[in-house]
Structure formats: C-alpha cells, structure tokens
Amino acid sequence: MKTLVAEDDFISRLVLQKMLLPFGHCDIAVNGKEAVEAFKMAMAEGNPYDLICLDIMMPEMDGKEALKLIRQKEKELNVEPRDEAKIIMITALDTPRDVVEAYYKGGCTSYIVKPINKIKISNSLKDLNLI
C-alpha cells in the first residue's frame, strides 16, 4: 500500500507515519499544498496513492481544500470511483459541520478524530479494504 500523510504537526506526522509503515510505503507532506503536489506527481508517474491521510487544519492549504483539489484532479483524469485514492480526514474537530463538509461535500472516504491510535487506524484500513 502506498500512503501519503499530510499533517503540519511534526509529532502527529511521525506517529501516523510509524503506524502506517508496516502496511507499505509512506510519504509525508507538511501542508495541503504539498499533499496536492505529491498526489499530482504520483499520478503523473503512474504510481498513485492508495491512501491519503489529510489533517483538516494545516497552514497554506487546509485538508478540505486539498481534498477538493485531489478529487477534482481524479475527475479530470477520468479515474473510476473504485480506483480513487482512499482519503481519511484526520482532525481534532468532530462538529457536524466539519463532518458534513468532509464526507458529503468533499468526498473523503473516512474520518478519524484525534487522538490517533493503532486501533483507529487499523479499523479504518480494514473498513476501506486496504488490509
């Protein structure tokens, strides 16, 4: 499994990366802008991400904007829905508005509220048929 983790907090990024490394390759980005660029580069190389974990609140470009741009790029490239990257939004926010924006308006695949732990990650990966 090829994964991209976009998280601005250094410790959170390292923890999430360590949890995901047993499942395959894991790249990191420090904001949404870097995540979108990494996504585009992977698509151009013909080696797309299976999983993208986006923190909702990041500098330069937040996770919701990155999600929108990633889904837009998949549409431009005529990626079939079954072949789209699985995108998990990771956040400290669990207000109904944030959930609705991420799931229904943004097109994320799953949503995890911090603090993140191995059980939450493992359950999400199983639910998404990634492991």
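Since we're looking at a predicted model, the values are computed, not measured.

Draft legend 1. How the structure looks around the sheet that holds strand S2 (residues 26–29). Read from one edge to the other, the open sheet built from 5 strands follows the order S2-S1-S3-S4-S5, with strand pairing classed as parallel. Strands with a single pairing partner mark the edges of an open sheet, and in this sheet they are S2 and strand S5 (110–113). Within this sheet the neighbouring strands show an average axis-to-axis angle of 20°, counted without direction. Note: strand S1 (residues 3–6) against strand S3 (residues 51–55), 4 bridges, orientation parallel. Note that in S3 the partner of Val 5 across the bridge is Cys 53. The sheet contacts of helix H1 (residues 10–20) involve S1, S2, S3 and strand S4 (86–91), and relative to S2 the element is tilted by about 165°.

Draft legend 2. Seen up close, the packing of H1 against helix H5 (residues 118–127). Between H1 and H5, whose axes approach to 10 Å, the crossing angle comes to 55°. Our classification of the angle between H1 and H5 gives oblique. Crossing hand, H1 versus H5: right-handed. From H1, Leu 16, Met 19 and Leu 20 reach across to H5, where they touch Lys 118, Ile 121 and Leu 125. The class makeup of the residues in the contact of H1 with H5 is 5 nonpolar, no polar and 1 charged.

Draft legend 3. Broad picture of the packing of aromatic side chains. Within this structure, the stated rule accounts for 0 aromatic pairs. One residue, Lys 2, lies across the ring of Tyr 49, its end atom 4.6 Å from the ring centre.

Draft legend 4. Structural detail: H1. Turning to H1, its buried residues are Arg 13, Leu 16, Gln 17, Met 19 and Leu 20. All buried residues of H1 fall inside an arc of 160° around its axis, so they share one side. When the buried face of H1 is taken as reference, the exposed residues oriented beyond 90 degrees from it are Ile 11 and Lys 18. Close packing links the buried residues of H1 with S1, S2, S3, S4 and H5.

Draft legend 5. Layout of the pairing of S2. Note: S1 against S2, 4 bridges, orientation parallel. Bridging across to S2, Val 5 finds its partner in Ile 28. Viewed along the sheet, the connection from S1 through H1 into S2 turns out right-handed.

Draft legend 6. Structural detail: a nonpolar patch on the surface. Together, Phe 10, Ile 11, Leu 14 and Val 15 make up a nonpolar patch on the protein surface, roughly 350 Å² of accessible area in all. Its place among the elements puts Val 15 in helix H1.

Draft legend 7. Representation of the pairing of S3 within the structure. Here S3 lies mainly inside the structure; 5 of its 5 residues are buried. Pairing geometry for S3 and S4, over 5 bridges, is parallel. For Asp 55, the partnering residue across the bridge sits in S4 and is Ile 90.

Draft legend 8. Representation of the environment of Asp 8 within the structure. Take Asp 8: it is sitting in the loop between S1 and H1. Among all residues touching Asp 8, those that are not within four sequence positions of it are Arg 13, Val 30, Asp 55, Met 57, Met 58 and Pro 59.

Thresholds applied
- Residues numbered from 1 in each chain as written.
- Predicted model: local features only at pLDDT ≥ 70, side-chain atom pairs only at ≥ 80, totals over all residues.
- Heavy atoms only, no water.
- Pairing = 2+ DSSP bridges.
- Helix = DSSP H or I, 4+ residues; strand = E, 2+ residues; numbered from the N terminus.
- Axes fitted to C-alpha atoms, helices over the stretch in contact; angles between N-to-C directions.
- Contact = heavy atoms within 4.5 Å.
- Parallel < 35°, antiparallel > 145°, perpendicular 65-115°, else oblique.
- Left-handed = near helix turned anticlockwise from the far one by under 90°.
- Nonpolar A, V, L, I, M, F, W, Y, C, P; charged D, E, K, R; others polar.
- Phe/Tyr/Trp six-rings, centres within 6.5 Å; stacked < 30°, edge-to-face > 60°.
- Lys NZ or Arg CZ within 6 Å of the ring centre and 35° of its normal.
- Buried < 20%, exposed > 50% of the residue type's maximum accessible area, 1.4 Å probe, protein only.
- Arc of directions from axis to C-beta.
- Right-handed = clockwise from strand over helix to strand, strands pointing away.
- Patch = residues over 30% accessible without salt bridge, like charges linked within 9 Å, V, L, I, M, F, W, Y side chains within 5 Å.
- Areas by Shrake-Rupley, 256 points an atom, 1.4 Å probe, with all protein chains shown as cover.
- Salt bridge = Lys/Arg side-chain N within 4 Å of Asp/Glu carboxyl O.

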